[in-house]
Amino acid sequence: MFSWLSNAWRVPELRRRVLFTALILAIYRLGSWMPAPGVDSETINNYFEGRGGTILGLLNLFSGGALSQFSLFALGIMPYVTASIILQLMTVVIPRLSELQKEGESGYAKINQYTRYLTVVLAAAQSTGYAFLFRRQGVLDANYGRLTLIIITLTVGCTLLMWMGELITKRGIGNGISLLIFASILTGAPIGIAAWWNGGAMEKLFFPLIALAIIAAIVFIQEGQRRIPIQYAKRMVGRRMTAGGSTYMPLRVNMAGVIPVIFAAAVMAFPPTIGQYFPQTQGFVNQHFLPTGIPYMLLQGLLIVVFTYFYTAVQFNPVDQADNLRRYGGYIPGIRPGPPTAQYLDRVLTRLTLPGAIYLALVATLPTLFIRYGGFSQATAGALGGTSVLIAVGVALDTMRQMESQMMMRSYEGFLR
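Quick notes on the rules
- Residues numbered from 1 in each chain as written.
- Predicted model: local features only at pLDDT ≥ 70, side-chain atom pairs only at ≥ 80, totals over all residues.
- Heavy atoms only, no water.
- Helix = DSSP H or I, 4+ residues; strand = E, 2+ residues; numbered from the N terminus.
- Buried < 20%, exposed > 50% of the residue type's maximum accessible area, 1.4 Å probe, protein only.
- Contact = heavy atoms within 4.5 Å.
- Salt bridge = Lys/Arg side-chain N within 4 Å of Asp/Glu carboxyl O.
- Polar contact = N/O pair within 3.5 Å; in protein donor to acceptor, adjacent residues only side chain to side chain.
- Core = buried A, V, L, I, M, F, W, Y, C linked by side-chain atoms within 4.5 Å.
- Phe/Tyr/Trp six-rings, centres within 6.5 Å; stacked < 30°, edge-to-face > 60°.
- Lys NZ or Arg CZ within 6 Å of the ring centre and 35° of its normal.
- Pairing = 2+ DSSP bridges.
- Patch = residues over 30% accessible without salt bridge, like charges linked within 9 Å, V, L, I, M, F, W, Y side chains within 5 Å.
- Areas by Shrake-Rupley, 256 points an atom, 1.4 Å probe, with all protein chains shown as cover.

Visitor: Can you tell me about the overall build of the protein, naming the residues and giving the values?
Guide: Counting secondary structure elements, the protein contains 19 helices and five strands. For the protein, the proportion of its 417 residues judged to be buried stands at 48%. In the protein, 74% of the contacts between residues at least 6 apart in sequence involve partners at least 24 apart.

Set out below in structure tokens:
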């Protein structure tokens, strides 16, 4: 273990990337504990006591406790995730966005620009909802001038956090947005460990075994893949005949990673956020959007399955893959090139994605099952199980793969053994 860590540290560029990522994450955690101007963080923190099973508790988990402090980064990165979902869904119904996707890098840059604009709008709306909610609950004593200052501060904080995430993606290691959520979830681990240690005998005995089993299952599914054999025919290049070869196309069981879980959490948090503007809807929201409730579990599981198929289709296009194979003289043994290859890949991918989507939905709902039927505390199950572990392990695996590719670019010896 220490040998590959030292090997990674010897690479100057990789060392700079790791240090830059650590610096950005440290700034993020610092901003998560700096309260917004005119906010009594202790009063709001007391308001959050005992709300681990509510939607506010879930949003507080994804913000790394910043919401309970009403700090500069109280909104977290979820407005950006929600904006990304909206833009990706709109590409299906708006031809202009669909054309931008086909233009390559320039098109994606334009879509990212639209995503940033929408993030600012959503952040302003969400910060307004939080400010008036806390003011109505009596935990935020502020006039309209101070409320405006708080709303502007939270919106700017979310915009700054979005920029920091993009910096990590560009100059650091891993996906910046996922790493920010990863860091937020890890901050809740000490609370979960303390709750587990102070829990009952059954919880102390069985929860570590369940957590290890969940981690092993996550790693097993995340690394699982179906290898499609690919054969390349002999070709004439100039005056030379190049020999054909055989390889494989890896199709992962869970090609979407942890993105569907993050998307589903963002969508499930959207109605309660809108409901903050309409107090008369709080009864309906508390009944159908309580994280420990059966309707919330079923709807979240359905959204995870839908987003898994959707994001997999965005990442892997069978028609494009079949065209690329035919262009370079490759084919799947027993399958004709062209449309039959595309149909075969689509059929395999559809069957392969189903167990991956069901697995994501089951793991995400495990904490609720533990709370309702296992007698586990909300703090333990929420911080150390299900969605938290899934996102943490998934992001860690993706980051390790990127470090592995960085090492393989510079030497034949990889980062992992």
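Visitor: Account for the pattern of salt bridges, with residues named and values stated.
Guide: On inspection of all chains with the given rule, the structure shows two salt bridges. Residue Glu166 pairs with Arg116 through a salt bridge whose shortest N-O separation is 3.0 Å. Here the residue Glu166 occupies a position in helix H9 (residues 144–171), and Arg116 occupies one in helix H8 (residues 105–136), the gap between them amounting to 50 residues. As a salt-bridge pair, Arg326 and Asp323 come within 3.6 Å of each other at their nearest N and O atoms. In this pair, Arg326 and Asp323 are both assigned in helix H16 (residues 318–327), three residues apart and thus about one turn of the helix distant. Of the residues examined, Arg326 reaches a relative accessible area of 48% and is grouped as partly exposed. Of the residues examined, Asp323 reaches a relative accessible area of 28% and is grouped as partly exposed.

Visitor: Quick rundown of helix H10 (residues 176–186)? Include the residues and the values.
Guide: With ten of its eleven residues buried, H10 lies for the most part within the structure. Among the residues of H10, Gly176, Ile177, Ser178, Leu179, Leu180, Ile181, Phe182, Ala183, Ser184 and Ile185 are the ones counted as buried. A side-chain oxygen of the first residue of H10 lies 3.2 Å from the backbone nitrogen of Ile177; this N-cap is Asn175.

Visitor: Describe the nonpolar core, with residues and values.
Guide: Formed by 68 residues in total, the largest nonpolar core has its most connected members in Ile77, Val81, Ile228 and Ile391. Among the elements that take part in this core, helix H17 (residues 339–373) stands out by supplying ten residues, more than any other. Not counting the four nearest positions on each side in its chain, Ile77 is found in contact with Leu161, Met162, Ile177, Leu180 and Ile181.

Visitor: So what about the packing of aromatic side chains? Which residues, and what values?
Guide: Counting across every chain of the model gives four aromatic pairs. On the basis of an interplanar angle of 80 degrees and a centroid distance of 5.0 Å, the ring pair of Phe70 and Phe134 is categorised as edge-to-face. Placement of the pair is Phe70 in the loop between helix H5 (66–69) and helix H6 (78–93) and Phe134 in helix H8, with a sequence separation of 64 residues. Here the aromatic rings of Phe132 and Tyr144 are separated by 6.4 Å at their centres, their planes lie at 50 degrees, and the arrangement is tilted. Taken as a pair, Phe132 in helix H8 and Tyr144 in helix H9 lie far apart in primary sequence, twelve residues in all. Residue Tyr144 is classed as exposed on the basis of its relative accessible area, which comes to 55%. Here a set of aromatic residues connected by ring pairs shows up, and it is made of Phe70, Tyr130 and Phe134. Positioned above the aromatic ring of Tyr28, the side-chain terminus of Arg29 is 5.5 Å from the ring centre. Looking at Arg135, its charged tip hangs above the ring of Tyr144, at a distance of 5.0 Å from the centre.

Visitor: So what's going on with the sheet that holds strand S1 (residues 225–232)? Residues and values would help.
Guide: Across the sheet, three strands lie side by side as S4-S1-S5; this open sheet has antiparallel pairing. Strands with a single pairing partner mark the edges of an open sheet, and in this sheet they are strand S4 (246–252) and strand S5 (330–331). As defined by bridge partners, S1 adjoins S5 across two bridges and the pair is classed as antiparallel. When the bridges of S5 are listed, Gln231 appears paired with Tyr331.

Visitor: Lay out the environment of Ile332 with the relevant residues and their values.
Guide: Within the secondary structure, Ile332 sits in the loop between S5 and H17. Expressed as a C-alpha distance, the spacing of Ile332 and Gln231, which sit 101 residues apart in the sequence, is 6.1 Å. Residues contacting Ile332, with those up to four places away along its chain left out, are Ile228, Pro229, Ile230, Thr341, Tyr344 and Leu345.

Visitor: A description of a nonpolar patch on the surface should follow, citing residues and the corresponding values.
Guide: On the surface, a nonpolar cluster with roughly 420 Å² of combined accessible area is contributed by Met202, Leu205, Phe206 and Leu209. If you trace the backbone, Leu209 turns up in helix H12 (residues 201–223).

Visitor: Can you tell me about the environment of Arg146, naming the residues and giving the values?
Guide: Structurally, the position occupied by Arg146 is in helix H9. The class of Arg146 is partly exposed, set by a relative accessible area of 40%. With 15 residues separating them along the chain, Arg146 and Ala131 place their C-alpha atoms 10.0 Å apart.

These figures capture arrangement, not role.
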